[in-house]
Structures are given as structure tokens and as C-alpha cells.
Amino acid sequence: YLPSRQSQDAMGDMVVAIDTSGSITQKLLDEFGSEVAGIHRELRPKRLIVVYCDAAVNHVDMFGPDDELQFKLHGGGGTDFRPPFNWVEKNQVDPKCFVYLTDGYGPFPEREADFPVLWCINNDDVTPPWGEHLIIETTG
């Protein structure tokens, strides 16, 4: 699913949205962060944009291909999956891919994104209305 790393130009911007609603614990955030770090090491995107969102975007971090990643819980309110997509559009980011790490409980955007989206959900109770869907095992 994720872009190839066959050439230096294969991976431009990558956006990762992390659900930081009240149902997400620091332990679960650490597990989500571990997944993101593995993707970052493997693909080495030109720019990794991490968007922390509960019902609104609460914080954004940007990392280069050689930066050490650090994740901190920002938010803790309700859940809405739409704000990170709005943030990408408002900031004119054109990601090669968009990964959303979540427990899956919240309103999804009605309109499908114009870029590849992978929903990483830590349970099998929720199926997103569009995009690719992956169940990740977590203990948090």
C-alpha cells in the first residue's frame, strides 16, 4: 500500500493523523508512535507531518527523514476524523499517503480524499467508508 522507496524521489510528504481523543491512553499513543517510527525508518519521507486530533487539530509536528520521532498526547476530548483532512487542504499539503491511527469511533469525512488513505484501527468493530483499512493489534 505505501509508496515504493526505489528512488530518492519516491516519497515526498507523508501525513500521519493520530487520534488523541479521550479514549486514547498514553500507552496506546506510544504503540501508535512505534508503528509510525517503523514506517518513518522504512520509507524515509521527505517530510513526515504528524497531526494530533481529537474533535479538532490540537498540534502538528513535522519531521525530516533523519529526525528522531517523539510523540506527546495533545487533546483528550471527543473524536472527529474530519479536521486533519481539512488541515491538509487548508495548508495545501499534497501527501503521497495519509495514515490515520485510531480506535475508529468517530465521524468519518463524507468525501473520499484525493490521495491514498490507510486507516489503522485497533479493533475489528469499525470499517471506514472509504480508503484502505488495516487492523493493528495493540495492548493499550
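Analysis parameters
Residues numbered from 1 in each chain as written. Predicted model: local features only at pLDDT ≥ 70, side-chain atom pairs only at ≥ 80, totals over all residues. Heavy atoms only, no water. Helix = DSSP H or I, 4+ residues; strand = E, 2+ residues; numbered from the N terminus. Buried < 20%, exposed > 50% of the residue type's maximum accessible area, 1.4 Å probe, protein only. Polar contact = N/O pair within 3.5 Å; in protein donor to acceptor, adjacent residues only side chain to side chain. Contact = heavy atoms within 4.5 Å. Expected span 1.5 Å × (residues − 1).

Visitor: For this particular structure, what's the right way to read the side chain of Asp13?
Guide: Secondary-structure assignment places Asp13 in strand E1 (residues 13-19). The buried category is assigned to Asp13, whose relative accessible area is 16%. At a separation of 2.7 Å, a polar atom in the side chain of Asp13 contacts the side chain of Arg47. If sequence neighbours within four positions are ignored, Asp13 has contacts with Arg47, Ile49, Val93, Asp94, Pro95, Lys96 and Cys97.

Visitor: Explain the environment of Asp80 here, please?
Guide: Among the structural elements, Asp80 can be located in the loop between strand E3 (57-63) and helix H2 (82-90). Sequence separation between Asp80 and Lys96 is 16 residues, and the spatial gap between their C-alpha atoms is 23 Å. Filtering out sequence-adjacent residues up to four positions away, Asp80 remains in contact with Cys53, Asp54, Ala55, Tyr100 and Pro107. There is a polar contact of 2.8 Å between the side chain of Asp80 and the side chain of Arg82.

Visitor: Help me understand helix H1 (residues 26-43) in this model?
Guide: For H1, which comprises 18 residues, the first-to-last C-alpha distance of 25 Å matches the rise-based estimate of 26 Å (1.5 Å per residue) to within 8%. Every buried residue belonging to H1 is among Leu28, Leu29, Glu31, Phe32, Gly33, Val36, Ala37, Ile39, His40 and Leu43, and all of these are buried. Residues of H1 that are buried make contact with E1, strand E2 (47-53), E3 and strand E4 (97-102). Arg44, located one to two residues past H1, shows a positive phi value of around 50°.

The values are spatial; any link to function lies outside them.
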